[in-house]
Every structure is written in C-alpha cells, then in structure tokens.
Amino acid sequence: MEAQQQVAEVFGPEARRGELASQIEAAVLTFVCALAEAGGEGGAEVPRAGAACAVAAVKILDERRSAKAASMHAGDRLASELTSLLDLPVAADARGHQPGSAGALDVAGKTCRLSGAAKRIRFRRLVSLLDSVHDLLSSGRHASQRELFYTHAALFSKQRQSDGLIKTLCRALGVPRHYLRVVGSARGLVRGHLRILEPGLAGPGGAGCWVDGMDPLEPRGHSIAPICAHLVSVESSTRTVLIVEKETVFQRLLSEGFLEHHRPCVLITARGFPDLPTRYLLRRIFVDCASPRVFCLVDYDPSGLVVAATYAFGPEDAWIQDDLSIPLLVPLVCPGGAAGAGRFGLGEGDTMPLTPRDESLLRGLRKRLLHMQSRVQPELLEPWERFATQMSKGGIKYEIDSLSGLASLVDCVMEASGA
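Residues numbered from 1 in each chain as written. Predicted model: local features only at pLDDT ≥ 70, side-chain atom pairs only at ≥ 80, totals over all residues. Heavy atoms only, no water.

Draft legend 1. Fine view of the packing of aromatic side chains. Counted under the stated rule, the structure contains three aromatic pairs. A ring pair is formed by phenylalanine 149 and tyrosine 150, whose centres lie 5.2 Å apart and whose planes are at 55°; its orientation type is tilted. Judged by relative accessible area, phenylalanine 149 falls into the buried class, the value being 9%. In this structure, arginine 195 is placed above the aromatic ring of tryptophan 210, and the distance from its NZ or CZ to the ring centre is 4.2 Å. Positioned over the ring face of phenylalanine 387 is arginine 386, at 4.9 Å from the centre of the ring. (Phe/Tyr/Trp six-rings, centres within 6.5 Å; stacked < 30°, edge-to-face > 60°. Buried < 20%, exposed > 50% of the residue type's maximum accessible area, 1.4 Å probe, protein only. Lys NZ or Arg CZ within 6 Å of the ring centre and 35° of its normal.)

Draft legend 2. Geometry of the environment of leucine 362. One can find leucine 362 in helix H14 (residues 356-371). Residues leucine 362 and serine 392, 30 residues apart in the sequence, show an inter-C-alpha distance of 7.4 Å. With near-sequence residues (within four places) excluded, leucine 362 lies in contact with Pro302, Leu305, Leu354, Ala388, Met391 and Ser392. (Helix = DSSP H or I, 4+ residues; strand = E, 2+ residues; numbered from the N terminus. Contact = heavy atoms within 4.5 Å.)

Draft legend 3. Broad picture of the nonpolar core. Judged by nonpolar contacts, the single largest core of 101 residues is most densely connected at Leu180 and Leu242. Considering each element in turn, this core owes the most residues, eight residues, to helix H6 (residues 117-139). (Core = buried A, V, L, I, M, F, W, Y, C linked by side-chain atoms within 4.5 Å.)

Draft legend 4. Quick peek at the sheet that holds strand E11 (residues 265-269). Taking strand neighbours across the sheet as the criterion, the six strands line up as E8-E5-E11-E10-E12-E13 in an open arrangement whose pairing is mixed. What marks the edges here is a single partner per strand, and that holds for strand E8 (222-223) and strand E13 (330-332). Pairing between strand E5 (residues 189-192) and E8: two bridges, direction antiparallel. Opposite leucine 189, over in E8, you have serine 223 as the bridge partner. Across the sheet, helix H11 (residues 276-288) is in contact with E5, strand E10 (240-244), E11 and strand E12 (293-297); its angle to E11 comes to roughly 160°. (Pairing = 2+ DSSP bridges. Axes fitted to C-alpha atoms, helices over the stretch in contact; angles between N-to-C directions.)

Draft legend 5. Quick look at helix H8 (residues 159-173). For H8, with 15 residues, the first-to-last C-alpha span of 21 Å sits near the 21 Å given by 1.5 Å per residue. Within H8, burial applies to Gln159, Ser162, Leu165, Ile166, Thr168, Leu169, Cys170, Ala172 and Leu173. (Expected span 1.5 Å × (residues − 1).)

Draft legend 6. Quick peek at unusual backbone geometry. Looking along the chain, the bond that leaves arginine 263 and enters proline 264 is cis, with omega of -5°. Among the structural elements, proline 264 can be located in the loop between helix H10 (258-261) and E11. Positive phi, normally seen in glycine, also occurs at arginine 181, with a value near 65°. Secondary-structure assignment places arginine 181 in the loop between H8 and strand E4 (182-183). Phi angles above zero are rare outside glycine, and serine 291 is one such case at about 55°. The residue serine 291 is located in the loop between H11 and E12 in this model.

Draft legend 7. Highlighting the pattern of salt bridges. This structure, assessed with the given rule, holds eleven salt bridges. Arginine 141 is paired through a salt bridge with aspartate 135; the nearest N and O atoms lie 3.9 Å apart. Among the residues examined, arginine 141 registers a relative accessible area of 38% and is labelled partly exposed. The exposure class assigned to aspartate 135 is partly exposed, which follows from its relative accessible area of 39%. Across the pair arginine 271 and glutamate 247 runs a salt bridge whose closest N-O atoms are separated by 3.6 Å. Linking arginine 271 in the loop between E11 and H11 with glutamate 247 in helix H9 (residues 247-255), this pair joins segments that are 24 residues apart in sequence. Here arginine 271 falls in the partly exposed class, since its relative accessible area comes to 35%. Put simply, Lys246, Asp299, Glu399 and Asp401 are held in one network by salt bridges that share partners. (Salt bridge = Lys/Arg side-chain N within 4 Å of Asp/Glu carboxyl O.)

Draft legend 8. How the structure looks around the sheet that holds strand E7 (residues 209-212). The three strands lie next to each other as E7-E6-E9, forming an open sheet whose pairing is antiparallel. On the outer flanks of this sheet lie E7 and strand E9 (233-235), each paired with one strand and no other. Sheet twist, expressed as the mean angle between neighbouring strand axes with direction ignored, is 25°. Note: strand E6 (residues 195-198) against E9, three bridges, orientation antiparallel. Along E9, the bridge assignment pairs arginine 195 with glutamate 235. Set on the sheet, H11 makes contact with E6 and E9; between it and E9 the angle comes to about 50°.

Draft legend 9. Structural detail: the state of the cysteines. Within this structure, the stated rule accounts for zero disulfides. Its sulfur unpaired, cysteine 334 is 7.3 Å from the next cysteine sulfur, which belongs to cysteine 412. (Disulfide = S-S within 2.5 Å.)

Below, the structure written as structure tokens:
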C-alpha cells in the first residue's frame, strides 16, 4: 500500500500549474479592464465563450491584489506579449487612432485597435482559449487540441487556427503545451521487464496503480499515457533499453523473442518521431534503473539519425521543455553501412540513393554536433560524427525493416558495444 502512494518527483508541468493559472487569470483581467475602459466601442465586446475566467478574476481581484502582485504584473506582461504576437498593437496613424479613441484599447501600455472584423474575431478567439486553458489548469483535467477546437467551433473554421493560437500562448508563457494540460493522442508503446506506477488522475497525491510491463493481456505493448508520463515511477532490474523508431520493427522484435533472449530488457517506441510522453518515460527508466545501457534502432538514413539524436540530446529547438536528454544513448547502426548490412539480409533492391534533403539533414546534424562539443563529452559525440560521415560517403540509405536478419544485427551491434 505504501508503495502505491509513492510517486516520482514531479516534473515541471505540475510544479508550475498554479503559477500559470494565475498568469492567465491576470492576463484575461487585463483584457477585460481594457475593454471596460474602452466602453465596448469599435466592436470590442467581451467574448461570451471566454467570459467565465474574466468574471471569476474580477470577483476576486480586490482580495488578491496585494497577495498576487507578482502574478498581476506577469499577467500584464503576458497580455502585452500576446497582443504583439497576434499583431494587434498599432501606433497612432493617419486614421487618428489613439489610446482611448473609438475602436482602440490600452492593453498593458500598448494600443490595440479592434476596429477591423478580422482583429475582433482574433481577439475573441484568444480570450476564449485563455478561458479554456485556465479551466484545465484549475480543474486538473486534460484536453486534446481537437477537443479545444470543437469547444470553440463557432470561432474557428479550421483546427490549425486553434492549434496555432495554442502555440502562440505556449511561446508567450515559455512552456510546452502539456504544461497547460493540452495533450496529444497516446502514441508510445513499452514492453519489457519492468513495473510502472501510474498515479491517479486526481493529481500527484492520488492513488496510483502498478502496470506490469510483461502483462499477458498487453502482448503488443503498454500504451504510454500522455496525461501522466511525467509523473510515473519505474521499478526494474533491466540493464538494457532498446528504443525502436518504428512500431513494425517493435512488434517484429517482440514476436522473435527479443525480450526473452536479452532479459532483463525493455523495448520502447514512439511509433515515429519522439513525442514528449515517451521521452518522459524513457528518462524516468534511465534515472530509476541506475542508468542502463540505452540503444536506439532506426532506419539507416539521415532522418533516422535525427530521430536517435532527438532521444539523445533533445530536439534542436528545445526552448520550452524539461531536460529529457540521454547523452549516453548509442545509435544502433550496422558497421560498414549498406555494404556491411548484406550479411544481415539486405538485398540490392532494398537500397536507395541519398536525396538533397537527406544531405541537408546530415549537414544540419553535423553542425549541431559541432555546437554541442562544449557541453557534451567528445567520446559521446564521436559515434554520431562517424555514422554521419559513413552515411554521407556511402550515399546510400535503407529501411531497417528490409533486413531479414534484423535480430542478428541487433545482437551483433549490442555485443560489440559491451551490452
């Protein structure tokens, strides 16, 4: 029972939940006050769909003004930055728009003209989404981007409009979207010799349940839940973790008895490009299991190397997320490139020449490795540089699925790496 109450150290999303809710609440209040001062002129009315958060903020403004001065200032900054990102602010122009004039708002010191229909609908969308995100943060529940779109279907004609606004909000707050409890669909799968404690949905203190990584009822892998991947705890004696780029390869290795042959071992896949829930779980396995050896099996092409590098060092534009990097990760690449893969069943018709886009990806990867030399040990970067050079000189790529002796390749490379 005690073990069931034990929850992993909370990552950023839960730690900043109250702070982000306060900032959004204060930002909406800033907008509402600006609208009130403008007297609703120029069509700058309070969006009904976004009024709940604003009304709540107005009611508690007096009692919280002194206690939450910092949050109010942060809200002003957020409102100001959002108006800039949405292209709402304007200076006085030939048409005579000034602060306080018809159709103009003074938002945190910036003049915002809402006289145009397009800008009015943009403003309504903004406050409506702020209201929805505030509700998610306050209630503790999660929502998908699709759900937010349908919640405000009358304001958005296409989902990419609401998705773009969520991205704008994330950039203004400096956090990834899961910090706002906006999550994607479950993608990642994990199977192996481990137990995962998934906390209750009521919050970090809620009762959780243990998931057996070898549960016979989940022979194709356990789905990594995006709403709690950053909160799980892991118990395992595994010394080897194999990340697989593709689900087809993941299922193939399971059917060929990879886990039994390498026990104790863990297989994990994000079914494509790494998503945050899969990377959170992977990082937790790495921390809780005393730094096991981590390998990444990807296609023999530049895109595959970029996928592996994302697991190892994080995405190239990692400006808004926790540090989930695993620099000790080893890319699992066949020695000798396409020529060496012949002994593992690669046929002549299975190879393809590198495209200009492939060459561009390799140049970008080399440039990134060069920039990381000051903060990552040279011996950890050496395999990446060697494989990038090998791939570029060979000018050939192939998909890992085409190897008939795939399990033998994995055994060979892992054995050569000392696993």
